[in-house]
Structures are given as structure tokens and as C-alpha cells.
Amino acid sequence: MGTYRMCGCFTRKFKIIEAAPPPDVIAAFEKYAEGGPQMTAEQLHRFLVDVQGQGGAKVSDAEEILLQVLQKRHHMAKFRKHALTLDDFHHYLFSADLNPPIDNKVHHDMTAPLSHYFIYTGHNSYLTGNQLSSDCSDVPIIKALKRGVRVVELDLWPNSTKNDVDVLHGRTLTAPVELIKCLKSIKEHAFSASEYPVVITLEDHLTPKLQAKVAQMVTQTFGKMLFRPESECLKEFPAPEDLKYKILISTKPPKEYLEAQTNKDKEKEKDSDDDVWGKEPTELTAEQEDEKTDSDASDNNQDDEDSDAFEPEVDSSRAPGYKSLIAIPGGKITGRLKEALKVEPDKVRRLSLSEQALEKATVSYGTDLVRFTQKNFLRIYPKGTRFNSSNYKPQIGWMHGAQMIAFNMQGYGRSLWLMQGMFRANGGCGYVKKPDFLMNVDANSERAKLPVKKRLRVKVYMGDGWHLDFKHTHFDTYSPPDFYTKVGIAGVPDDEIMKKTKIKEDNWTPVWDEEFTFPLTVPELALLRVEVHEYDMSEKDDFAGQTCLPVSELKQGIRAVPLFDRKGEKLNSTRLLMRFDFV
């Protein structure tokens, strides 16, 4: 029962009533229970095969579901030829644990070279907040690793006495953290969410003496966990399956440390979002700058590991231990981008581009980018004016095969929700196998309008759980919330769209029962976007949960879809009941 104060001295009471099963659930129960009052394990099995698309399900799987539902709802300790009532059946379908929308197990082929995968990648992984004045710490690194992030970035600088190494965002007011502390935390938490390899990208501003110290620290900290390439140049990257529980180092080969660096031009545009949840993905294309030459494709941004291409190379004998650590060498863009994107037959490497440089490159070199990423790594990083640690649209990089779309993991908003959604795929292990069309040598991302490959039909039945996760006055001081759901697609431009349900007034358990169809030209890169908001007539609508799910992983049938908060933390009870079908 919720009590809401009206006009100071009057109150209104609303009883939170459990919503009845939607018509489709009732119809399915009647059909598969063959008109009876209960559904047996054999009947549930037929429902799993016919409606839920679980062709490999066995009767024993249905029996296990039945047992779990009865134990949870009726506290029956033993299974004795029981069956499900309609309410039990509805409870099962609305359970995010028993009936999730995607699999939680690794199921992609993990035996291809690393370059064949999108990899969950962080940017300036040590920052706790904004890019200019927040503290540096190992805490955000630990959080990212626990979320399944597989690429961690550390910026290395000499400490104040020049005898040790700190991690900080150079030429800013960020407070440093010791490198050794970061390394120890990475070792402890690297495989807490995934057994697949962690890559540490180093942005190095060190003298050869300090590089040698880093080599010693890394070697002593990680020991046998560290992957050391057998030769200076790998012809092909190993497979994730062969690198389980391994740490890989990625940076450029050692260079002369230059204490005096030329001040680089700063971009002038502001970086702010209109909306507390971030801009819609369709608005996230980077602003076009004045045309620059190809030699400036890296934007000369201090975050770009490849931008300082004019620093002289140091004799590798001055830091041999450091150089031998590098499993994924960073490349340099010293001339035209087209030349930098040439695939070399006898070695693999990594290049970095800013989000703006990538957008410009896709106009002229789309096919070259795809071909380059079939064997080599391409890392994309945020433009330098994202001082508030916001993010950009990841789809542009994914469409061209870029494996490492580096994101500010503390930059909460719609862009990060998309990134989190993509890496819910493949059991959340941090590695997602790239679609076959990106591994085709003749792949051309600039093709004419593509035909519709398949259509996703989504039905939004109802929602529940807000009254358990939020205070009863969280959304509205005077009455229960007025929820509506936005549902749509993030993906290639032709596929992107958002639609929304009607508003259900004064109801903690809203029932919408609305259906939407989405034509998809590139379903392999499509993400299903779901947001729930509470309508507010006088102010901005309140946020009430979100999720993004990879379309290629969606299970067909009636599914319980858990919702997440702004930071991507799963809400304890809040979820939607939805149906997915490909037509």
C-alpha cells in the first residue's frame, strides 16, 4: 500500500496489485496444458521447444525448471510429480534468473586469432571522474575488470623525484597513483569475470632507465601470467583460447623520452550532453572539423599513442627488457593514412585513431580499414575535448572492424549502455567474435543501401519490481508512477530507430501489451535498446531503468528482461516481460 499526500492535509492510498498474466501467457498456458488447470513437465517441454525455440531442450530441463519454481513459490523441498498452475507458469516466464533473454555462457568460437574479435576496451582506466582534475586510482580498474573489461589503459610518467613511475593523465591536475599498485590490482582481479586474456595498453612517457624499471615490475608482478612473444614480430596473433589467464602488454617500442614537448593545439568546441542520460546514438557523430591532411589523421591528440610519430626511436639495446614485454606493438602514422593501413605479410601491429579521425577515414578508406582489421588491431579513442569523460558512438568503429573501441567506463550514459550491451554477448567474457562479413577480404563498408536481412518483432507485455527497488515517492510525490517504455535498435544507420509505448498512469505494475517490428539490414551489429521512463508533465521525465541486448544473441519467445540503472548496475527486482520473434 502506498500513501501519497495531497494539498498538505489530504492523502490518497493506492494498493500495489500484482498484475494478471497477459493474454499471450494465458493462451500459451491453455494450449500447452491442453485445457487443464496445471501444466506438467512434458507439457512445459513442448512449450520450450515450440514457443521458446529451445530445440535442444529435454524433458529433464523442464522438470528442473518446474522444481525450481515450486521450491521458490511453494517451498516444496522434493519433486513429486508436481505441475505448474497458471500463476506458477507466469512466475517462471517473468523470472530473469530462470528465463533470461540471452545466454550467459561463452558460445562463440574462441580459436581464431585475437584480431577476429571485438574486445571490451577501457580508456584512461585509472581515472575516477573527469579527464582534467579527478583522482587516479586502481579502484576504477578493479571495477572495470569485474565488469568483464579486457583492455586496460595506463599512462606512465616519472614521479616527482624521477626515480619511480606514476600513473596519471599527463599535463592535467589529476592526482597520481603508483604504477605498482595498479599492476598488483590487475593481477588480483584480471580474471574475476572472465578467463580470457587481459591486454594492458601503456602510453609511455618514460626515460629508458624507468622503462627498464617498468619491465622489472611487470615481470615480477605477473610472472608466468605474462605472455611473452617468441619472436620480435608475430606474424599472427594467438587465439583467446590459447591465452586464457594471460596478461599481454601493448605499447610502442621504446622511444627517447622528451621532457619538453610542443604544446599541441586544443580543440575549442564544448563537450556537454543535453540530456542526463546522454544523447541519442543518432546524434553522437563527432562534429566535422576543418579538413586536415592525411598526415594529421591522428589529430595530434596527447591521448593518441601514435601521434608522437616524430619522436626519435631509441636504440632498443637501451631497454631490451621493456621491448621484450610487448606482445602487441603499437604502430606509427608518419605519412598518409592509406600507407599506414597497409597489411604487412610478416608482422601484425596496432594503430590508434581518434573518433574524429576514424569518421574522416571511413569516408575515403572504409575498405582499407576493414581489410587492416582482419589481421591487425585498430584502437579508437575519445576526442580530447571529452573533458567530462563522456563517450562516442561505438557502431562506426564496429562497422569497420575496429577491435578496441576505448571507452571511459566512468562516463555513464547512452553510449556506455551500448558498449555494455554489446559485451553482454558471448557470456560476458569480454570477447565477441566479429561477423563473417567483416572477415571477408572484399568487404566494403561503403556499399549501396543493403536489403533487409531479417525482421525482429518485439512485444512489450508488462513491467514489475519498481516498488521494491525505489521509494514509493521516488517518481511522484503525489501518486504512483506513469511508466512508458522506449524500445528500438542501435546499429548501422539504416537500422537505427526508437519507438515507445503508451503511458500507463498511476501503476507500479504497468501492462502495455504493445508490439513493434524492426527491419534489420545488418542484424549482426544490431543492439536492442530498451529504456523505461516515468512521464512528468511539468519537468523532464524520470529515468526508470534501461538495458541493451545484442540482437544476434536474443532468445526467441516470451522472456524476462532485467533492467539496469544509469551506471549499468543490475536493479534487484525491476524487469520487463517481453517477447522476441524473428519473422
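- The protein chain carries the name Phosphoinositide phospholipase C in an unreviewed UniProt entry, which gives Gossypium darwinii as its organism.
- Looking at the Cofactor (unreviewed entry) heading of the UniProt record, one finds this comment for the protein chain: "Ca(2+)".
- Recorded under Subcellular location (unreviewed entry), the UniProt text for the protein chain is reproduced unchanged: "Cell membrane".

### Structural notes on the overall build of the protein chain
Phase 1 of the analysis: Looking only at helices and strands, the protein chain features 13 helices and 21 strands.
Phase 2 of the analysis: When the 583 residues of the protein chain are sorted by exposure, 57% land in the buried category.
Phase 3 of the analysis: Counting contacts in the protein chain only where the partners sit at least 6 residues apart, residues at least 24 apart contribute 74% of the total.
Phase 4 of the analysis: With an accessible surface of roughly 25500 Å², the protein chain has 49% of that area assigned to carbon and sulfur atoms.

### As for the pattern of salt bridges
Phase 1 of the analysis: Under the criterion given, the structure shown has 19 salt bridges.
Phase 2 of the analysis: Note that lysine 342 and glutamate 339 form a salt bridge whose closest N and O atoms lie 3.4 Å from each other.
Phase 3 of the analysis: Looking at glutamate 339, the relative accessible area reads 47%, which means it is partly exposed.
Phase 4 of the analysis: With its nearest N and O atoms 2.9 Å apart, the salt bridge here joins aspartate 581 to arginine 579.
Phase 5 of the analysis: When salt bridges with common partners are traced through the structure, they connect Glu195, Glu241 and Lys244 into a single cluster.

### Some remarks on helix H7 (residues 208–222)
Phase 1 of the analysis: Along its 15 residues, H7 runs 21 Å from first to last C-alpha, staying within 8% of the 21 Å computed at 1.5 Å per residue.
Phase 2 of the analysis: Within H7, burial applies to Pro208, Leu210, Gln211, Val214, Ala215, Met217, Val218, Thr221 and Phe222. Mapping the buried residues of H7 onto a view down its axis gives an arc of 165 degrees, with all of them on the same face. In H7, the exposed positions angled more than 90 degrees off the buried face are occupied by Lys209 and Gln220.
Phase 3 of the analysis: Glycine 223 sits one or two positions beyond H7 and adopts a positive phi of about 50 degrees.

### Re the sheet that holds strand E8 (residues 247–251)
Phase 1 of the analysis: The 6 strands are arranged E6-E5-E4-E7-E8-E9 in an open sheet whose pairing can be described as mixed. Pairing within the sheet leaves two strands with one partner each, and these edge strands are strand E6 (177–178) and strand E9 (326–329).
Phase 2 of the analysis: Judged from the 6 bridges that link them, strand E4 (residues 151–158) and strand E7 (residues 198–204) form a sheet pairing that is parallel. Looking at the pairing, aspartate 155 lines up with glutamate 203 of E7.

### What to know about the side chain of serine 389
Phase 1 of the analysis: Of note, serine 389 is situated in the loop between strand E11 (377–381) and helix H11 (395–399).
Phase 2 of the analysis: Among all residues touching serine 389, those that are not within four sequence positions of it are Gly129, Asn130, Gln131, Asn408, Gln410 and Gly411.

### What to know about the pairing of strand E16 (residues 497–500)
Phase 1 of the analysis: Pairing of strand E15 (residues 483–490) with E16, which is carried by 4 bridges, proceeds in the antiparallel orientation. In the sheet register, lysine 486 faces E16, and the bridge partner there is lysine 500.
Phase 2 of the analysis: Linking two consecutive strands that pair antiparallel, namely E15 and E16, is a turn of 6 residues.

### Details of helix H12 (residues 414–422)
Helical periodicity: at 3.6 residues per turn, an α-helix aligns residues three or four positions apart in one direction.
Phase 1 of the analysis: Judged by how many residues are buried, H12 sits mostly within the fold: 9 of 9 residues are covered.
Phase 2 of the analysis: Arg414, Ser415, Leu416, Trp417, Leu418, Met419, Gln420, Gly421 and Met422 are the residues of H12 that are buried.

### Side note on the confidence of the model for the protein chain
Phase 1 of the analysis: Per-chain confidence: the protein chain averages 87 in pLDDT, with 84% of residues scoring 70 or above.
Phase 2 of the analysis: Per-residue pLDDT stays below 50 along residues 304–316; that stretch engages in 43 contacts with residues further than four places along the chain or on separate chains.

### Focus: a nonpolar patch on the surface
Phase 1 of the analysis: Together, Ile503, Tyr535 and Met537 make up a nonpolar patch on the protein surface, roughly 320 Å² of accessible area in all.
Phase 2 of the analysis: Along the chain, isoleucine 503 falls in the loop between E16 and strand E17 (511–520).
Phase 3 of the analysis: Isoleucine 503 sits in the partly exposed class, given a relative accessible area of 37%.

### Quick look at the environment of lysine 246
Phase 1 of the analysis: Here lysine 246 shows up in the loop between H7 and E8.
Phase 2 of the analysis: Distance in space between the C-alpha atoms of lysine 246 and proline 197 is 4.9 Å, their sequence separation being 49 residues.
Phase 3 of the analysis: Ignoring sequence-local partners within four residues, the contact set of lysine 246 consists of Phe191, Pro197, Val198, Lys224, Met225, Leu226 and Phe227.

### Digging into the pairing of E15
Phase 1 of the analysis: With 8 of 8 residues buried, E15 is to be regarded as a mostly interior element.
Phase 2 of the analysis: Side chains Phe483, Thr485, Val487 and Ile489 project from E15 onto one buried face, and the interleaved Tyr484, Lys486, Gly488 and Ala490 project onto a second face that is buried too.
Phase 3 of the analysis: Where E15 and strand E18 (residues 527–534) come together, 8 bridges link them in antiparallel fashion. The residue of E18 that forms the bridge with isoleucine 489 is leucine 528.

### Quick word on unusual backbone geometry
Phase 1 of the analysis: The phi torsion at lysine 162 lies on the positive side, around 65 degrees, for a residue other than glycine.
Phase 2 of the analysis: With respect to the helices, strands and loops of the structure, lysine 162 is situated in the loop between E4 and strand E5 (165–167).
Phase 3 of the analysis: We classify lysine 162 as exposed; its relative accessible area is 53%.

### Re the packing of aromatic side chains
Phase 1 of the analysis: Counted by the stated rule, this structure contains 16 aromatic pairs.
Phase 2 of the analysis: Between the aromatic rings of phenylalanine 47 and phenylalanine 89, the centroid separation amounts to 5.0 Å while the plane-to-plane angle is 75 degrees, which identifies the pairing as edge-to-face. Of this pair, phenylalanine 47 sits in helix H2 (residues 41–50) while phenylalanine 89 sits in helix H4 (residues 86–93), placing them 42 residues apart in sequence.
Phase 3 of the analysis: In this structure phenylalanine 47 comes out as buried when scored by relative accessible area, which is 0%.
Phase 4 of the analysis: What makes phenylalanine 89 buried here is its relative accessible area of 0%.
Phase 5 of the analysis: Through successive ring pairs, a cluster of aromatic residues spans Trp466, Phe470, Phe475, Phe483 and Trp508.
Phase 6 of the analysis: For lysine 433, the ring lying beneath its charged end belongs to tyrosine 117, and the centroid distance is 5.9 Å.

### Description of the packing of helix H6 (residues 179–189) against H7
Phase 1 of the analysis: Contact geometry for H6 and H7: axes closest at 10 Å, N-to-C directions at 25 degrees. The angle between H6 and H7 falls in the class roughly parallel. Our pair here, H6 against H7, has a crossing hand that is right-handed. Judged by residue contacts, Leu179, Ile180, Leu183, Lys184, Ile186 and Lys187 of H6 engage Val214, Met217, Val218, Thr221 and Phe222 from H7.
Phase 2 of the analysis: Across the contact of H6 with H7, the residue classes tally to 8 nonpolar, 1 polar and 2 charged.

### Focus on the environment of isoleucine 186
Phase 1 of the analysis: Here isoleucine 186 lies in helix H6.
Phase 2 of the analysis: A sequence separation of 44 residues divides isoleucine 186 from isoleucine 142, and the C-alpha atoms of the two residues are 6.9 Å apart.
Phase 3 of the analysis: Once you skip the residues sitting within four places of it in the chain, isoleucine 186 turns out to touch Ile141, Leu145, Val152, Leu154, Ile200, Phe222 and Ile247.

Criteria and thresholds
- Residues numbered from 1 in each chain as written.
- Predicted model: local features only at pLDDT ≥ 70, side-chain atom pairs only at ≥ 80, totals over all residues.
- Heavy atoms only, no water.
- UniProt positions renumbered as here; feature names shortened; annotations may be inferred.
- Helix = DSSP H or I, 4+ residues; strand = E, 2+ residues; numbered from the N terminus.
- Buried < 20%, exposed > 50% of the residue type's maximum accessible area, 1.4 Å probe, protein only.
- Contact = heavy atoms within 4.5 Å.
- Areas by Shrake-Rupley, 256 points an atom, 1.4 Å probe, with all protein chains shown as cover.
- Salt bridge = Lys/Arg side-chain N within 4 Å of Asp/Glu carboxyl O.
- Expected span 1.5 Å × (residues − 1).
- Arc of directions from axis to C-beta.
- Pairing = 2+ DSSP bridges.
- pLDDT = per-residue confidence, 0-100.
- Patch = residues over 30% accessible without salt bridge, like charges linked within 9 Å, V, L, I, M, F, W, Y side chains within 5 Å.
- Phe/Tyr/Trp six-rings, centres within 6.5 Å; stacked < 30°, edge-to-face > 60°.
- Lys NZ or Arg CZ within 6 Å of the ring centre and 35° of its normal.
- Axes fitted to C-alpha atoms, helices over the stretch in contact; angles between N-to-C directions.
- Parallel < 35°, antiparallel > 145°, perpendicular 65-115°, else oblique.
- Left-handed = near helix turned anticlockwise from the far one by under 90°.
- Nonpolar A, V, L, I, M, F, W, Y, C, P; charged D, E, K, R; others polar.

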